[in-house]
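Residue-level structural notes
Next come the chains, spelled out residue by residue.
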Amino acid sequence: MEKLRNSTGCTGTVFPLQYSGTMQNSTISSREHRAVGFVLVHAGAGYHSESKAKEYKHVCKRACQKAVDRLRAGAMALEAVTAALTELEDSPFTNAGTGSNLNLSGDIECDASIMDGKSLDYGAVGALSGIKNPVLVARRLLSEAQKGKLSAGRIPPCFLVGTGAQQWALTHGIPPCPSEKMATKFSLSAYKRNKRKMELAEKIETEHHFLKRQRTSSGTVSEIIEPISSSLDTVGAIVVDQEGNVAAAVSSGGLAMKHPGRVGQAAHYGCGCWAENAHDARPYATAVSTSGCGEHLIRTMLARECSTAVQAEDAHQALLEAMQNKFIVSFVFSQCHLLYNSSPFLASEDGVLGGVIVLRCCKCGDDQSSDSLRALLVEFLWSHTTESMCVGYMSAHDSKAKTHISRLPPGAVAGQSLAIEGGVCRLGAMND
(Lines give C-alpha, C1' and ligand atoms only; values in the text may rest on other atoms or scores of the structure.)
Protein backbone atom coordinates (compact mmCIF):
# COMPACT_ATOMS: atom_id res chain seq x y z
CA MET A 1 0.00 0.00 0.00
CA GLU A 2 1.19 3.47 -0.84
CA LYS A 3 1.55 5.92 2.00
CA LEU A 4 -0.41 9.15 2.32
CA ARG A 5 0.73 11.72 4.81
CA ASN A 6 -1.21 12.52 7.94
CA SER A 7 -0.01 15.85 9.28
CA THR A 8 -0.28 17.53 12.63
CA GLY A 9 1.02 20.81 13.93
CA CYS A 10 0.60 22.57 17.25
CA THR A 11 0.98 26.20 18.22
CA GLY A 12 3.02 27.10 21.25
CA THR A 13 5.21 24.05 20.69
CA VAL A 14 7.33 23.86 17.57
CA PHE A 15 8.10 20.46 16.12
CA PRO A 16 8.47 18.94 12.64
CA LEU A 17 5.30 17.90 10.88
CA GLN A 18 4.72 14.16 11.23
CA TYR A 19 3.31 11.86 8.56
CA SER A 20 1.53 8.55 8.79
CA GLY A 21 -1.53 6.76 7.47
CA THR A 22 -2.39 4.77 4.38
CA MET A 23 -3.73 5.60 0.95
CA GLN A 24 -6.79 3.74 -0.21
CA ASN A 25 -6.64 2.59 -3.84
CA SER A 26 -9.31 1.00 -5.99
CA THR A 27 -9.65 0.51 -9.71
CA ILE A 28 -13.07 0.09 -11.24
CA SER A 29 -13.52 -1.66 -14.58
CA SER A 30 -16.37 -0.54 -16.79
CA ARG A 31 -16.93 -4.19 -17.67
CA GLU A 32 -17.65 -4.90 -13.99
CA HIS A 33 -19.87 -1.87 -13.44
CA ARG A 34 -20.85 0.88 -15.82
CA ALA A 35 -21.75 3.33 -13.06
CA VAL A 36 -18.90 5.62 -12.10
CA GLY A 37 -18.83 8.11 -9.28
CA PHE A 38 -17.52 8.86 -5.82
CA VAL A 39 -18.93 10.43 -2.64
CA LEU A 40 -17.24 11.77 0.48
CA VAL A 41 -19.35 12.88 3.45
CA HIS A 42 -18.71 14.28 6.91
CA ALA A 43 -20.77 14.20 10.10
CA GLY A 44 -18.98 17.25 11.38
CA ALA A 45 -15.76 18.60 12.78
CA GLY A 46 -16.12 18.82 16.55
CA TYR A 47 -16.01 16.14 19.21
CA HIS A 48 -17.25 12.61 18.56
CA SER A 49 -17.36 10.53 21.72
CA GLU A 50 -16.39 6.87 21.59
CA SER A 51 -19.83 6.00 22.96
CA LYS A 52 -21.51 7.48 19.87
CA ALA A 53 -18.83 6.61 17.32
CA LYS A 54 -20.88 3.71 15.98
CA GLU A 55 -23.90 5.94 15.34
CA TYR A 56 -21.84 8.63 13.59
CA LYS A 57 -20.16 6.07 11.36
CA HIS A 58 -23.47 4.39 10.60
CA VAL A 59 -25.13 7.58 9.39
CA CYS A 60 -22.11 8.33 7.19
CA LYS A 61 -22.42 4.86 5.65
CA ARG A 62 -26.11 5.38 4.96
CA ALA A 63 -25.48 8.80 3.42
CA CYS A 64 -22.79 7.37 1.12
CA GLN A 65 -25.08 4.53 0.11
CA LYS A 66 -27.92 6.94 -0.73
CA ALA A 67 -25.62 8.97 -2.97
CA VAL A 68 -24.16 5.89 -4.67
CA ASP A 69 -27.64 4.49 -5.30
CA ARG A 70 -28.40 7.68 -7.25
CA LEU A 71 -25.13 7.50 -9.15
CA ARG A 72 -25.75 3.89 -10.11
CA ALA A 73 -29.15 4.91 -11.42
CA GLY A 74 -27.42 7.40 -13.71
CA ALA A 75 -28.09 10.53 -11.66
CA MET A 76 -25.84 13.57 -11.81
CA ALA A 77 -23.69 14.79 -8.93
CA LEU A 78 -26.22 17.39 -7.79
CA GLU A 79 -28.94 14.80 -7.21
CA ALA A 80 -26.54 12.42 -5.48
CA VAL A 81 -25.18 15.04 -3.08
CA THR A 82 -28.74 16.07 -2.17
CA ALA A 83 -29.59 12.45 -1.34
CA ALA A 84 -26.56 12.18 0.95
CA LEU A 85 -27.38 15.42 2.78
CA THR A 86 -31.00 14.45 3.31
CA GLU A 87 -29.87 11.27 5.05
CA LEU A 88 -27.41 13.19 7.24
CA GLU A 89 -30.08 15.75 8.18
CA ASP A 90 -32.51 13.00 9.19
CA SER A 91 -30.11 11.52 11.75
CA PRO A 92 -30.85 12.57 15.36
CA PHE A 93 -27.12 12.41 16.12
CA THR A 94 -26.07 15.25 13.81
CA ASN A 95 -26.49 18.98 14.25
CA ALA A 96 -28.53 19.44 11.08
CA GLY A 97 -32.24 19.05 10.43
CA THR A 98 -33.58 16.65 13.07
CA GLY A 99 -31.55 16.98 16.28
CA SER A 100 -30.26 20.50 15.56
CA ASN A 101 -29.09 22.80 18.33
CA LEU A 102 -31.74 25.05 19.85
CA ASN A 103 -31.26 28.82 19.86
CA LEU A 104 -31.72 31.23 22.79
CA SER A 105 -35.49 31.15 22.35
CA GLY A 106 -35.61 27.38 22.34
CA ASP A 107 -36.33 27.19 18.61
CA ILE A 108 -34.54 25.38 15.78
CA GLU A 109 -33.19 27.51 12.93
CA CYS A 110 -31.18 25.78 10.22
CA ASP A 111 -28.76 26.84 7.50
CA ALA A 112 -27.92 24.94 4.31
CA SER A 113 -26.41 25.47 0.89
CA ILE A 114 -25.64 23.51 -2.26
CA MET A 115 -23.49 24.23 -5.32
CA ASP A 116 -23.36 22.66 -8.77
CA GLY A 117 -19.85 22.52 -10.19
CA LYS A 118 -21.05 22.28 -13.79
CA SER A 119 -23.22 25.40 -13.90
CA LEU A 120 -21.71 27.09 -10.80
CA ASP A 121 -25.27 27.73 -9.65
CA TYR A 122 -25.84 28.01 -5.91
CA GLY A 123 -28.79 27.86 -3.53
CA ALA A 124 -28.92 28.59 0.21
CA VAL A 125 -31.23 29.12 3.18
CA GLY A 126 -30.44 30.68 6.54
CA ALA A 127 -32.20 30.74 9.92
CA LEU A 128 -34.90 28.50 8.45
CA SER A 129 -37.51 27.05 10.82
CA GLY A 130 -40.25 24.51 10.32
CA ILE A 131 -38.67 22.52 7.48
CA LYS A 132 -37.30 19.03 8.12
CA ASN A 133 -34.69 19.06 5.34
CA PRO A 134 -33.24 22.54 4.70
CA VAL A 135 -31.04 21.20 1.90
CA LEU A 136 -34.17 20.45 -0.14
CA VAL A 137 -35.10 24.13 -0.03
CA ALA A 138 -31.58 25.14 -1.06
CA ARG A 139 -31.72 22.60 -3.89
CA ARG A 140 -35.11 23.90 -5.05
CA LEU A 141 -33.84 27.49 -5.00
CA LEU A 142 -30.98 26.44 -7.25
CA SER A 143 -33.21 24.60 -9.71
CA GLU A 144 -35.82 27.38 -9.83
CA ALA A 145 -33.11 29.95 -10.54
CA GLN A 146 -31.91 27.83 -13.46
CA LYS A 147 -35.29 28.29 -15.13
CA GLY A 148 -34.54 31.96 -15.75
CA LYS A 149 -36.14 35.25 -14.76
CA LEU A 150 -39.45 35.56 -12.98
CA SER A 151 -42.45 37.55 -14.19
CA ALA A 152 -41.76 41.15 -15.13
CA GLY A 153 -38.08 40.36 -15.48
CA ARG A 154 -37.44 39.81 -11.77
CA ILE A 155 -34.25 38.02 -10.73
CA PRO A 156 -34.97 34.73 -8.89
CA PRO A 157 -33.45 34.43 -5.40
CA CYS A 158 -30.56 32.11 -4.63
CA PHE A 159 -30.42 32.81 -0.87
CA LEU A 160 -33.42 33.23 1.45
CA VAL A 161 -33.63 33.51 5.24
CA GLY A 162 -36.12 33.29 8.09
CA THR A 163 -39.86 33.40 7.51
CA GLY A 164 -39.35 34.38 3.89
CA ALA A 165 -37.43 31.19 3.27
CA GLN A 166 -40.07 29.13 5.04
CA GLN A 167 -42.93 30.70 3.07
CA TRP A 168 -41.09 30.20 -0.20
CA ALA A 169 -40.51 26.52 0.65
CA LEU A 170 -44.17 25.95 1.46
CA THR A 171 -45.36 27.60 -1.77
CA HIS A 172 -43.00 25.33 -3.71
CA GLY A 173 -44.41 22.14 -2.26
CA ILE A 174 -41.93 21.39 0.50
CA PRO A 175 -43.95 20.16 3.51
CA PRO A 176 -43.70 21.86 6.93
CA CYS A 177 -42.38 20.16 10.05
CA PRO A 178 -42.92 21.71 13.50
CA SER A 179 -39.72 22.49 15.40
CA GLU A 180 -40.85 20.34 18.32
CA LYS A 181 -40.77 17.30 16.02
CA MET A 182 -37.23 18.14 14.93
CA ALA A 183 -35.96 18.42 18.51
CA THR A 184 -34.61 15.29 20.19
CA LYS A 185 -34.19 14.28 23.83
CA PHE A 186 -30.49 15.03 23.50
CA SER A 187 -30.93 18.49 21.96
CA LEU A 188 -33.61 19.42 24.49
CA SER A 189 -31.52 18.30 27.46
CA ALA A 190 -28.51 20.17 26.08
CA TYR A 191 -30.64 23.31 25.75
CA LYS A 192 -31.90 23.07 29.34
CA ARG A 193 -28.37 22.45 30.63
CA ASN A 194 -26.93 25.38 28.70
CA LYS A 195 -29.78 27.66 29.76
CA ARG A 196 -29.04 26.91 33.43
CA LYS A 197 -25.37 27.76 32.85
CA MET A 198 -26.31 31.08 31.28
CA GLU A 199 -28.70 31.98 34.07
CA LEU A 200 -26.13 31.11 36.73
CA ALA A 201 -23.40 33.09 34.98
CA GLU A 202 -25.67 36.13 34.65
CA LYS A 203 -26.62 35.87 38.31
CA ILE A 204 -22.99 35.80 39.41
CA GLU A 205 -22.16 38.79 37.22
CA THR A 206 -25.04 40.78 38.68
CA GLU A 207 -24.20 39.92 42.26
CA HIS A 208 -20.52 40.77 41.98
CA HIS A 209 -20.88 43.69 39.52
CA PHE A 210 -18.01 42.70 37.33
CA LEU A 211 -17.45 41.65 33.77
CA LYS A 212 -17.11 37.99 32.85
CA ARG A 213 -13.32 38.10 32.55
CA GLN A 214 -12.57 40.44 35.43
CA ARG A 215 -10.91 38.61 38.33
CA THR A 216 -12.35 38.71 41.85
CA SER A 217 -11.58 36.92 45.05
CA SER A 218 -13.87 34.11 43.96
CA GLY A 219 -12.34 33.88 40.48
CA THR A 220 -13.85 34.68 37.10
CA VAL A 221 -17.17 33.55 35.75
CA SER A 222 -15.37 31.40 33.19
CA GLU A 223 -13.60 29.65 36.05
CA ILE A 224 -16.79 29.14 38.02
CA ILE A 225 -19.09 28.09 35.18
CA GLU A 226 -18.20 25.57 32.52
CA PRO A 227 -18.50 26.95 28.98
CA ILE A 228 -21.70 26.29 27.09
CA SER A 229 -21.40 23.03 25.24
CA SER A 230 -22.06 23.36 21.54
CA SER A 231 -22.27 20.69 18.90
CA LEU A 232 -20.20 21.77 15.91
CA ASP A 233 -21.06 18.71 13.86
CA THR A 234 -22.43 20.44 10.79
CA VAL A 235 -22.86 17.84 8.02
CA GLY A 236 -21.74 17.92 4.42
CA ALA A 237 -21.12 15.91 1.26
CA ILE A 238 -19.18 16.19 -2.00
CA VAL A 239 -19.70 14.07 -5.12
CA VAL A 240 -18.24 13.47 -8.57
CA ASP A 241 -20.45 11.73 -11.14
CA GLN A 242 -19.82 9.63 -14.25
CA GLU A 243 -19.31 12.70 -16.43
CA GLY A 244 -16.76 14.25 -14.09
CA ASN A 245 -19.20 16.84 -12.71
CA VAL A 246 -18.80 17.78 -9.05
CA ALA A 247 -21.28 19.06 -6.49
CA ALA A 248 -21.08 20.04 -2.83
CA ALA A 249 -23.55 20.66 -0.03
CA VAL A 250 -23.60 21.50 3.68
CA SER A 251 -26.27 21.75 6.38
CA SER A 252 -26.23 22.90 9.99
CA GLY A 253 -28.34 23.66 13.01
CA GLY A 254 -25.79 26.29 14.08
CA LEU A 255 -24.21 27.01 17.43
CA ALA A 256 -26.02 26.13 20.63
CA MET A 257 -27.79 29.08 22.28
CA LYS A 258 -27.18 31.26 19.24
CA HIS A 259 -29.14 34.48 18.88
CA PRO A 260 -32.33 34.05 16.83
CA GLY A 261 -31.66 35.03 13.23
CA ARG A 262 -27.97 34.14 13.33
CA VAL A 263 -26.76 32.64 10.04
CA GLY A 264 -23.65 30.48 10.01
CA GLN A 265 -21.18 29.44 7.33
CA ALA A 266 -23.43 26.67 6.01
CA ALA A 267 -25.50 29.27 4.17
CA HIS A 268 -22.75 31.70 3.11
CA TYR A 269 -21.36 31.67 -0.41
CA GLY A 270 -17.80 30.35 -0.52
CA CYS A 271 -17.80 29.51 3.19
CA GLY A 272 -19.92 26.39 3.67
CA CYS A 273 -19.34 24.60 0.38
CA TRP A 274 -17.81 25.04 -3.05
CA ALA A 275 -17.93 23.05 -6.30
CA GLU A 276 -16.34 23.87 -9.64
CA ASN A 277 -15.76 21.67 -12.66
CA ALA A 278 -12.43 21.64 -14.46
CA HIS A 279 -12.08 24.20 -17.26
CA ASP A 280 -9.38 26.00 -19.18
CA ALA A 281 -8.01 27.86 -16.17
CA ARG A 282 -8.52 24.97 -13.73
CA PRO A 283 -6.98 21.56 -14.49
CA TYR A 284 -8.91 19.88 -11.66
CA ALA A 285 -12.58 19.70 -10.76
CA THR A 286 -12.89 20.42 -7.03
CA ALA A 287 -15.55 20.17 -4.35
CA VAL A 288 -15.35 21.24 -0.70
CA SER A 289 -17.64 21.12 2.33
CA THR A 290 -16.81 22.66 5.71
CA SER A 291 -17.74 22.29 9.36
CA GLY A 292 -16.87 24.04 12.62
CA CYS A 293 -17.37 27.48 14.12
CA GLY A 294 -19.32 29.42 11.52
CA GLU A 295 -17.88 32.80 12.44
CA HIS A 296 -14.34 31.50 11.85
CA LEU A 297 -15.26 29.89 8.55
CA ILE A 298 -17.15 32.93 7.27
CA ARG A 299 -14.30 35.32 7.97
CA THR A 300 -11.88 33.15 6.00
CA MET A 301 -14.18 31.90 3.18
CA LEU A 302 -12.48 28.58 3.81
CA ALA A 303 -14.42 26.46 1.29
CA ARG A 304 -13.42 28.57 -1.69
CA GLU A 305 -9.87 29.09 -0.37
CA CYS A 306 -9.33 25.32 -0.16
CA SER A 307 -10.84 24.74 -3.59
CA THR A 308 -8.43 27.22 -5.12
CA ALA A 309 -5.46 25.90 -3.16
CA VAL A 310 -5.73 22.30 -4.33
CA GLN A 311 -5.27 23.30 -7.95
CA ALA A 312 -1.59 22.99 -7.08
CA GLU A 313 0.27 19.83 -8.11
CA ASP A 314 0.48 18.37 -4.58
CA ALA A 315 -3.04 18.49 -3.16
CA HIS A 316 -2.02 17.34 0.31
CA GLN A 317 0.69 19.96 0.70
CA ALA A 318 -1.57 22.64 -0.76
CA LEU A 319 -4.37 21.87 1.69
CA LEU A 320 -1.90 21.80 4.58
CA GLU A 321 -0.61 25.25 3.64
CA ALA A 322 -4.10 26.62 3.12
CA MET A 323 -5.23 25.43 6.54
CA GLN A 324 -2.10 26.86 8.17
CA ASN A 325 -1.89 30.18 6.35
CA LYS A 326 -5.56 30.94 5.70
CA PHE A 327 -7.12 29.51 8.83
CA ILE A 328 -5.21 28.06 11.77
CA VAL A 329 -2.77 30.03 13.91
CA SER A 330 0.56 28.21 13.77
CA PHE A 331 4.24 28.49 14.59
CA VAL A 332 6.81 27.05 12.18
CA PHE A 333 10.58 27.04 11.79
CA SER A 334 12.09 28.63 8.71
CA GLN A 335 15.89 28.83 8.38
CA CYS A 336 16.32 28.59 12.15
CA HIS A 337 13.86 31.40 12.79
CA LEU A 338 10.47 31.12 14.40
CA LEU A 339 7.74 32.45 12.14
CA TYR A 340 4.11 33.08 12.98
CA ASN A 341 1.51 32.12 10.37
CA SER A 342 -2.17 32.86 10.64
CA SER A 343 -5.11 34.27 8.80
CA PRO A 344 -5.17 38.05 9.31
CA PHE A 345 -8.93 37.76 9.64
CA LEU A 346 -8.61 35.58 12.75
CA ALA A 347 -5.61 37.26 14.37
CA SER A 348 -7.56 38.07 17.55
CA GLU A 349 -8.69 34.47 18.12
CA ASP A 350 -6.94 32.18 20.62
CA GLY A 351 -7.89 29.17 18.54
CA VAL A 352 -9.92 28.49 15.44
CA LEU A 353 -12.26 25.54 15.06
CA GLY A 354 -13.06 24.07 11.69
CA GLY A 355 -12.74 21.21 9.29
CA VAL A 356 -13.02 20.52 5.57
CA ILE A 357 -13.53 17.62 3.23
CA VAL A 358 -12.00 18.11 -0.20
CA LEU A 359 -12.35 16.20 -3.44
CA ARG A 360 -10.47 16.87 -6.65
CA CYS A 361 -10.51 14.87 -9.84
CA CYS A 362 -9.05 14.90 -13.31
CA LYS A 363 -9.35 12.87 -16.48
CA CYS A 364 -7.06 9.92 -16.98
CA GLY A 365 -6.21 8.28 -20.27
CA ASP A 366 -4.37 8.92 -23.49
CA ASP A 367 -6.80 11.51 -24.82
CA GLN A 368 -7.41 14.09 -22.09
CA SER A 369 -9.68 16.19 -24.33
CA SER A 370 -11.98 13.35 -25.38
CA ASP A 371 -15.52 13.18 -24.08
CA SER A 372 -15.15 9.40 -24.01
CA LEU A 373 -12.99 9.27 -20.92
CA ARG A 374 -11.08 6.17 -19.95
CA ALA A 375 -11.04 6.97 -16.24
CA LEU A 376 -11.21 9.58 -13.50
CA LEU A 377 -8.53 9.98 -10.86
CA VAL A 378 -10.12 11.16 -7.62
CA GLU A 379 -8.11 12.48 -4.68
CA PHE A 380 -10.00 12.98 -1.43
CA LEU A 381 -8.81 14.66 1.75
CA TRP A 382 -10.09 15.85 5.09
CA SER A 383 -8.50 18.24 7.55
CA HIS A 384 -9.62 19.60 10.90
CA THR A 385 -8.49 21.71 13.85
CA THR A 386 -11.18 20.29 16.13
CA GLU A 387 -10.70 17.28 18.40
CA SER A 388 -12.20 14.97 15.80
CA MET A 389 -13.99 14.71 12.46
CA CYS A 390 -16.15 11.83 11.23
CA VAL A 391 -16.07 11.01 7.51
CA GLY A 392 -17.30 8.34 5.13
CA TYR A 393 -16.53 7.64 1.48
CA MET A 394 -17.59 5.25 -1.25
CA SER A 395 -17.26 4.73 -4.99
CA ALA A 396 -20.10 3.52 -7.20
CA HIS A 397 -18.34 0.17 -7.48
CA ASP A 398 -17.81 -0.42 -3.75
CA SER A 399 -20.11 -2.83 -1.95
CA LYS A 400 -20.14 -0.66 1.17
CA ALA A 401 -18.81 2.65 2.43
CA LYS A 402 -15.68 3.11 4.48
CA THR A 403 -15.90 5.31 7.58
CA HIS A 404 -13.32 6.89 9.84
CA ILE A 405 -13.17 9.21 12.84
CA SER A 406 -10.05 11.31 12.49
CA ARG A 407 -8.66 12.60 15.80
CA LEU A 408 -5.92 14.98 16.81
CA PRO A 409 -2.96 13.17 18.37
CA PRO A 410 -2.54 13.05 22.17
CA GLY A 411 -1.33 16.37 23.52
CA ALA A 412 -2.46 18.41 20.51
CA VAL A 413 -4.59 21.43 21.35
CA ALA A 414 -7.88 21.77 19.51
CA GLY A 415 -8.09 25.11 17.73
CA GLN A 416 -4.31 25.35 17.56
CA SER A 417 -3.50 22.06 15.80
CA LEU A 418 -4.50 20.39 12.59
CA ALA A 419 -4.69 16.93 11.07
CA ILE A 420 -4.87 15.88 7.42
CA GLU A 421 -5.72 12.47 6.01
CA GLY A 422 -7.15 11.07 2.80
CA GLY A 423 -6.56 8.87 -0.20
CA VAL A 424 -6.91 8.37 -3.94
CA CYS A 425 -9.32 6.37 -6.06
CA ARG A 426 -9.08 5.59 -9.75
CA LEU A 427 -12.54 5.31 -11.30
CA GLY A 428 -12.66 3.12 -14.39
CA ALA A 429 -13.67 3.94 -17.93
CA MET A 430 -16.97 5.69 -18.34
CA ASN A 431 -17.47 4.49 -21.89
CA ASP A 432 -16.51 1.29 -23.61
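Our subject is the structure listed above.
Predicted model, so just to flag it, every value in this text is computed and none were measured. (Residues numbered from 1 in each chain as written. Predicted model: local features only at pLDDT ≥ 70, side-chain atom pairs only at ≥ 80, totals over all residues. Heavy atoms only, no water.)

Attention now goes to the overall build of the protein. Within the protein one finds 10 helices and 16 strands. Relative to all contacts within the protein whose residues are 6 or more apart in sequence, the contacts with residues 24 or more apart total 71%. Element-wise, carbon and sulfur atoms account for 53% of the exposed surface of the protein, whose accessible area totals about 19,000 Å². (Helix = DSSP H or I, 4+ residues; strand = E, 2+ residues; numbered from the N terminus. Contact = heavy atoms within 4.5 Å. Areas by Shrake-Rupley, 256 points an atom, 1.4 Å probe, with all protein chains shown as cover.)

With 8 of 10 residues buried, strand β13 (residues 375–384) lies mostly within the body of the structure. Direction of pairing for strand β12 (residues 354–364) relative to β13: antiparallel, over a ladder of 10 bridges. Its bridge partner lying in β13, Cys364 is registered against Ala375. With 9 bridges connecting them, β13 and strand β16 (residues 417–427) associate as antiparallel partners. For His384, the partnering residue across the bridge sits in β16 and is Ala419. (Buried < 20%, exposed > 50% of the residue type's maximum accessible area, 1.4 Å probe, protein only. Pairing = 2+ DSSP bridges.)

Here we take up the packing of aromatic side chains. Per the stated rule, a full pass over the model turns up 7 aromatic pairs. The ring centre of Tyr284 lies 3.7 Å from the NZ or CZ of Arg360, which sits over that ring. (Phe/Tyr/Trp six-rings, centres within 6.5 Å; stacked < 30°, edge-to-face > 60°. Lys NZ or Arg CZ within 6 Å of the ring centre and 35° of its normal.)

This paragraph deals with the pattern of salt bridges. One pass over the full model with this rule turns up 9 salt bridges. Residue Glu50 pairs with Arg407 through a salt bridge whose shortest N-O separation is 3.4 Å. Of this pair, Glu50 sits in the loop between β2 (38–46) and α1 (53–72) while Arg407 sits in strand β15 (residues 402–407), placing them 357 residues apart in sequence. Residue classification places Arg407 among the partly exposed positions, given a relative accessible area of 31%. The residue Glu295 makes a salt bridge to Arg262 at a minimum N-O spacing of 2.7 Å. Residue Glu295 is located in helix α8 (residues 294–300), and its partner Arg262 is located in the loop between β7 (246–252) and β8 (273–276); the two are separated by 33 residues in the primary sequence. (Salt bridge = Lys/Arg side-chain N within 4 Å of Asp/Glu carboxyl O.)

Read from one edge of the open sheet, 8 strands run β5-β4-β3-β7-β6-β2-β14-β15, paired in mixed fashion. Each end of this open sheet is capped by a strand with a single partner; those strands are β5 (159–161) and β15. Strand-to-strand, the axes of this sheet are offset by a mean angle of 10°, without reference to chain direction. As paired elements, β2 and strand β14 (residues 388–395) share 7 bridges and run antiparallel to each other. Looking across to β14, one finds that Val39 is bridged to Met394. (Axes fitted to C-alpha atoms, helices over the stretch in contact; angles between N-to-C directions.)

What follows deals with the environment of Ala67. The topology assignment puts Ala67 in helix α1. Note on Ala67: relative accessible area 0%, which makes it buried. Along the primary structure Ala67 and Leu78 are separated by 11 residues, whereas in three dimensions their C-alpha atoms are 9.7 Å apart. In contact with Ala67, other than residues within four places in its own chain, are Val39, Ala80, Ala83 and Ala84.

Judged by how many residues are buried, strand β9 (residues 285–292) sits mostly within the fold: 8 of 8 residues are covered. Burial of β9 is two-sided: the residues Ala285, Ala287, Ser289 and Ser291 facing one way and the residues Thr286, Val288, Thr290 and Gly292 facing the other way are all buried. Bridge count for β8 against β9 is 4 bridges, and the pairing is antiparallel. If you follow Glu276 over to β9, its bridge partner there is Thr286.

In this section: helix α2 (residues 77–90). With 14 residues, α2 extends 20 Å between its outermost C-alpha atoms, agreeing within 8% with the 20 Å of an ideal straight helix rising 1.5 Å per residue. Within α2, the full set of buried residues consists of Ala77, Leu78, Ala80, Val81, Thr82, Ala83, Ala84, Leu85, Thr86, Glu87, Leu88 and Glu89. (Expected span 1.5 Å × (residues − 1).)

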